[in-house]
Amino acid sequence: MRAVLCKEVGSIQNLVVEEVADLQAAKGKVVITVKACGVNFPDILVCEGKYQFKPPVPFSPGGEVAGIVKAVGEGVNHLKVGDRVFGGLMFGGFAEEVVGDANMFFPIPEGMDFVQASAIMMTYGTSYHALVDRANLQAGETLLVLGAAGGVGLAAVDIGVALGAKVIAAASTADKLAVCQAFGASEVINYAQDDLKDRIKEITQGRGVDVIYDPVGGVYSEPAFRSIAWNGRFLVVGFASDGNNIPKLPLNLPLLKGAAVVGVFWGSFTMREPKKNMQNFMAMMQMFQTGKLKAHIHATYPLERAVEALQEMAERRVIGKVVLVP
Ligand SMILES: NC(=O)c1ccc[n+]([C@@H]2O[C@H](COP(=O)([O-])OP(=O)(O)OC[C@H]3O[C@@H](n4cnc5c(N)ncnc54)[C@H](OP(=O)(O)O)[C@@H]3O)[C@@H](O)[C@H]2O)c1
């Protein structure tokens, strides 16, 4: 089978496509014939050696796939050969086949295609966990999403609207904000042009926002936190703008607002609380089937153009998701 390989950590430009050996399903594992693989920001970080985990080279990036079960290992009861499934992995998805933990794969709901199914695991999994488990977002509350047209950001907009929150989307271009509005954001802020804090004050008439979803970091985190409402929850999701400069917050700010800074680490949550993660996906699948949720696909690329797909993301051009189709 063919796979995109990182043989030397450092730059996404080093990726190559090569023929590698077919995979076997060990105990508790499944082999999936990959039909689509969602691309995420951490795929870039792992190739650059800047992510929390560092797989030994050579490895294939790619943390979420949709496809058909090719083989099941001993002890796997909920899946069988031929099932249409989607699921998450640490890495390995940029390939024609992948092996993963069976308990991280779920049946694709009827009517959902492989591309859509490959685009929801990490982004919707993260944003649902953040908004529901970590922030306890309630209908009627105000939710501010930074980087709102990115992968996790647009999922947060979609889920926030579905949960009945009033969503304020913040992003860097008019095109990005137009997609956020189409996903139900009732207010938008172009933070490349306007002052984030002033606009939040204006939109909320000085009250502030109840929940802030921040996958961007950098210069936006502190002004956003200064705009939080009493009892607010600030979700620390990521640092897409600059992973080398993690924002620091004066601790008087949460004190003054009776507000909480809440960490979100979906990957660790899936391993520590797999049953809760499965429940989250069951709830979301119903929302996808009833049309309350829908992932936005920016573009699809073949394996041979994986570098271009990652480049689009690194250059901040992606709206929603890019998907590789082997
Ligand atoms: N905590 C968790 O469990 C978890 C899970 C998944 C992902 N993450 C993290 O969340 C972040 C976003 O991931 P994603 O897959 O949604 O990425 P993405 O699709 O590329 O979105 C990131 C957004 O950040 C904004 N941004 C600002 N400065 C940027 C820069 N210099 N380079 C790239 N983007 C920049 C962009 O929006 P504008 O152009 O509108 O500013 C972009 O849409 C990453 O840091 C990722 O590691 C965390």
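(A) Molecular detail of the overall build of the chain. A tally of helices and strands in the chain yields eleven helices and 15 strands. In terms of C-alpha radius of gyration, the chain reaches 19 Å, essentially the compact-globule figure of 20 Å for 326 residues. Along the three orthogonal principal directions, the C-alpha set of the chain runs to about 60 × 40 × 35 Å. Considering the chain as a whole, with its 326 residues, one finds that 50% of them fall into the buried category.

(B) Inspection of helix H10 (residues 274–289) at higher detail. In a regular helix each residue adds 1.5 Å, so 16 residues correspond to 22 Å; H10 covers 22 Å between its end C-alpha atoms and thus fits that length. Along H10, the residues that are buried comprise Asn277, Asn280, Phe281, Met284 and Phe288. Seen along its axis, H10 keeps its buried residues to an arc of 100°; they face one direction. Summarising the geometry of H10, the exposed residues directed more than 90 degrees from the buried face are Lys275, Lys276, Gln279, Met282, Ala283 and Gln286. Glycine 291, located one to two residues past H10, shows a positive phi value of around 80°.

(C) Here's a closer look at the site of the ligand. Taken together, 28 residues sit near the ligand, with Phe41, Gly150, Gly151, Ala171 and Gly238 positioned nearest. Put simply, the parts of the chain that give the shell around the ligand at least two residues each are helix H1 (41–47), helix H3 (121–134), helix H4 (151–162) and helix H9 (266–272). Here the shell around the ligand gets three residues from one element, more than from any other, and that element is H4. For the shell around the ligand, the residue count by class is 16 nonpolar, ten polar and two charged. Residues from two domains meet in the shell around the ligand; each of domain 1 (2–119 + 295–324) and domain 2 (123–267) gives at least three.

(D) Region of the structure containing the domain arrangement of the chain. When cut into domains, the chain gives domain 1 (2–119 + 295–324) and domain 2 (123–267). Measuring from the centre of the C-alpha atoms in domain 1 to the corresponding centre in domain 2 gives 28 Å. Each partner contributes to the interface: domain 1 provides eleven residues, whereas domain 2 provides eleven residues. A breakdown of the residues in the side of domain 1 that touches domain 2 according to their chemical character gives five nonpolar, four polar and two charged.

(E) Region of interest: unusual backbone geometry. Cis geometry is adopted by the peptide bond preceding proline 58, which originates at valine 57 and carries an omega value of -5°. Among the structural elements, proline 58 can be located in the loop between H1 and strand E4 (64–72). At arginine 316, a position not held by glycine, the phi torsion is positive, near 70°. Examined against the element boundaries, arginine 316 turns out to sit in the loop between helix H11 (306–314) and strand E15 (321–324).

(F) Seen up close, the nonpolar core. Core analysis: the biggest nonpolar cluster contains 109 residues, and Val145, Ala148, Val157, Ala169, Ala170 and Cys180 have the highest contact counts within it. Ranked by residue count, the leading element in this core is H4, at eight residues. Setting aside anything within four residues of it in sequence, one finds valine 145 in contact with Gly153, Ala156, Val157, Gly160, Val167, Ala169, Ala170 and Tyr213.

(G) Representation of the sheet that holds strand E8 (residues 142–146) in the model. Spatially, E10-E9-E8-E11-E12-E13 is the arrangement adopted by the six strands of the open sheet, whose pairing is parallel. With one partner strand each, in any of the chains shown, strand E10 (187–190) and strand E13 (260–263) form the two edges of the open sheet. Each strand of the sheet is rotated relative to its neighbour by a mean of 20°, with strand direction disregarded. Here three bridges tie E8 to strand E11 (residues 209–214), and the two strands are oriented parallel to one another. Bridge pairing in E11 places valine 145 opposite tyrosine 213. Across the sheet, helix H6 (residues 196–203) touches E8, strand E9 (166–171), E10 and E11, and the angle it forms with E10 is around 165°.

(H) Up close: helix H5 (residues 174–182). Considered for burial, the residues of H5 that qualify are Lys176, Leu177, Val179 and Cys180. Relative to the axis of H5, the buried residues are bounded by an arc of 155° and lie together on one face. Pointing more than 90 degrees away from the buried face of H5 are the exposed residues Ala174, Asp175 and Ala182.

Each value, and the rule that gives it
- Residues numbered from 1 in each chain as written.
- Predicted model: local features only at pLDDT ≥ 70, side-chain atom pairs only at ≥ 80, totals over all residues.
- Helix = DSSP H or I, 4+ residues; strand = E, 2+ residues; numbered from the N terminus.
- Rg over C-alpha atoms; globule rule 2.2 N^0.38 Å.
- Buried ≥ 20, exposed ≤ 12 C-beta atoms within 10 Å, placed from the backbone.
- Expected span 1.5 Å × (residues − 1).
- Arc of directions from axis to C-beta.
- Near = placed C-beta within 6 Å.
- Nonpolar A, V, L, I, M, F, W, Y, C, P; charged D, E, K, R; others polar.
- Domains from an automatic or database assignment.
- Contact = placed C-beta atoms within 7 Å.
- Core = buried A, V, L, I, M, F, W, Y, C linked by C-beta atoms within 7 Å.
- Pairing = 2+ DSSP bridges.
- Axes fitted to C-alpha atoms, helices over the stretch in contact; angles between N-to-C directions.

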